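Observations on the model geometry
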Amino acid sequence: QVQLVESGGGLVQPGGSLRLSCVASGMVFSYYKMGWYRQAPGKQRELVADITAEKYATYAEAVRGRFTVSRDNPQNMVFLQMNNLTPEDTAVYYCWLGTGLGESGFWGQGTQVTVSS
């Protein structure tokens, strides 16, 4: 069974940093695109960043220059380093493994990130 488990969320002050981690099990994920989505209360889920099997990364405009996505294929892990956080970054963050077009694939359970004074 494919399982994605996120960790690293929490409460942080504006300007602070968090590092999210995701561990995949049940498959070898090195061939697939991985990424992070987030969903704030009352808003639609949005792509934050993704990274291909070849480690080419893309970012949403809102996080470009502040967030860095990376992956460690031998460990079946993907990471999201989040710097200079703002209250607008508050959301549940989901690890994602892409298997086709758009948002198709597997999802983690989510980890809450709250940015507040």
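A short tour of the structure in this document, coming up. What you are looking at is a predicted structure, and each value in this text was computed from that prediction instead of being measured.

A separate point is the environment of L85. When you line up the elements, L85 lands in the loop between β8 (77-82) and β9 (91-98). In the structure, L85 is positioned 22 residues away from V63 in sequence and 9.2 Å away in space, judged by C-alpha atoms. Among residues more than four places away in sequence, those in contact with L85 are V12, P14, G15, G16, S17, L18, R66, F67 and V115.

This part takes up the pairing of strand β3 (residues 18-25). Of the strand pairs in this sheet, strand β1 (residues 3-7) and β3 are connected by five bridges, and their pairing is antiparallel. Across the sheet, the residue bridging to Q3 is S25, located in β3. The sheet contact formed by β3 and β8 spans six bridges and is antiparallel. Looking at β8, one finds that R19 is bridged to Q81.

So, on to the state of the cysteines. Overall, the coordinates contain one disulfide when judged by the stated rule. Note on cysteine connectivity: C22 is disulfide-linked to C95, with sulfurs 2.1 Å apart. Here the disulfide of C22 and C95 is left-handed, its torsion about the S-S bond being about -85 degrees. Taken together, the residues span a long stretch of sequence, with C22 in strand β3 and C95 in strand β9 at a distance of 73 residues. Take C22: its relative accessible area is 0%, and that puts it in the buried class.

Cut-off values and rules
Residues numbered from 1 in each chain as written. Predicted model: local features only at pLDDT ≥ 70, side-chain atom pairs only at ≥ 80, totals over all residues. Heavy atoms only, no water. Helix = DSSP H or I, 4+ residues; strand = E, 2+ residues; numbered from the N terminus. Contact = heavy atoms within 4.5 Å. Pairing = 2+ DSSP bridges. Disulfide = S-S within 2.5 Å. Buried < 20%, exposed > 50% of the residue type's maximum accessible area, 1.4 Å probe, protein only.

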